[in-house]
Amino acid sequence: MTITKFIKSGLAAAAMVMSMASAGQAGYQTMTLLGNTSPPIGAYQFCKEIPEDCKNAAGDQGPMVLTESNWKTILQVNYDANTTFTPMTDKEIYGVEERWAYPQTAADCEDYVLEKRKNLIKAGFSPSDLLVTVVLQPTGDGHAVLTVRTDRGDFVLDNMRNKVMLWADTEYTYLKRQSVDDPAQWVKIQDGRAVAVGSIK
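Residues numbered from 1 in each chain as written. Predicted model: local features only at pLDDT ≥ 70, side-chain atom pairs only at ≥ 80, totals over all residues. Heavy atoms only, no water.

Colleague: Even after reading the chapter, I still don't get the sheet that holds strand β7 (residues 161–166), so can you show me in this structure?
Modeller: Sheet strands line up and pair through hydrogen bonds in the backbone, either parallel or antiparallel. Reading across the sheet, the seven strands line up as β1-β9-β8-β4-β5-β6-β7 and stay open at both edges, with antiparallel pairing between neighbours. Strands with a single pairing partner mark the edges of an open sheet, and in this sheet they are β1 (32–37) and β7. Strand-to-strand, the axes of this sheet are offset by a mean angle of 30°, without reference to chain direction. Pairing analysis gives four bridges linking strand β4 (residues 130–136) to strand β8 (residues 173–178), with the strands arranged antiparallel. Within β8, the position partnered with Val135 by the bridge is Tyr174. The strands touched by helix α3 (residues 68–84) within the sheet are β5 (142–150), β6 (153–158) and β7, with β7 carrying the most contacts at an inclination of about 140°. (Pairing = 2+ DSSP bridges. Helix = DSSP H or I, 4+ residues; strand = E, 2+ residues; numbered from the N terminus. Axes fitted to C-alpha atoms, helices over the stretch in contact; angles between N-to-C directions. Contact = heavy atoms within 4.5 Å.)

Next comes the structure, spelled out in structure tokens:
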């Protein structure tokens, strides 16, 4: 599938999502947040190394208004990162278990997230709507995705797929994400779809 066809199909899906959301038919559109929590060690180290990329002087700007134009940008940025970099583990790339960094030729999941966040900020999106998010895969393995906060719900950009989905439509268990006020701070997520998630710290 070419990028043009992919984006066209993505725009059709977005129209359906917007229709559902406006009619109140899409459950769990936005994540429920609990109190503050500690950042992942990789995020902490990344912010120590590149502090300017862990600041948001403007604070929370509120959820972005999802339009056809910015949805197209979201799809393009997600697709470009997913098809540009070779998926590899931090151990394979850097020789360490955990390192968050902007990718060069290969990327671990959090590297894809950082690249997408950077490119969406360049495209004019507010940092308060671009939140690095930690999840568990069905296998129990940790994973990172980018949450894009919109007036139509929280959407997830994932290196595992080119399709951009509402967070509640994915197979993941959501644990924590960056604060909308301060990218260096993190908050817990109450994943109402799974009873057990509320007890995870």
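On we go from here.
Colleague: Any chance you could explain the pattern of salt bridges here in plain terms?
Modeller: Charged atoms that come close allow side chains of opposite charge to pair. Applying the stated rule across the entire model yields eight salt bridges. Residue Lys91 pairs with Glu97 through a salt bridge whose shortest N-O separation is 3.9 Å. Of the residues examined, Glu97 reaches a relative accessible area of 62% and is grouped as exposed. A salt bridge links Arg161 to Asp158; the shortest N-O distance between them is 3.5 Å. Take Arg161: its relative accessible area is 21%, and that puts it in the partly exposed class. Bridged by salt links that share partners, the residues Asp60, Asp129 and Arg149 form one connected network. (Salt bridge = Lys/Arg side-chain N within 4 Å of Asp/Glu carboxyl O. Buried < 20%, exposed > 50% of the residue type's maximum accessible area, 1.4 Å probe, protein only.)

Colleague: Looking at this structure, I do not really get the side chain of Asp90. What am I missing?
Modeller: By the secondary structure assignment, Asp90 is in helix α4 (residues 90–94). Of the buried charged residues, Asp90 lacks a salt bridge, with Arg99 as the closest side chain of opposite charge at 7.3 Å. From its side chain, Asp90 meets the backbone nitrogen of Arg99 in a polar contact 3.0 Å long. (Lys, Arg positive; Asp, Glu negative; His and termini not counted. Polar contact = N/O pair within 3.5 Å; in protein donor to acceptor, adjacent residues only side chain to side chain.)

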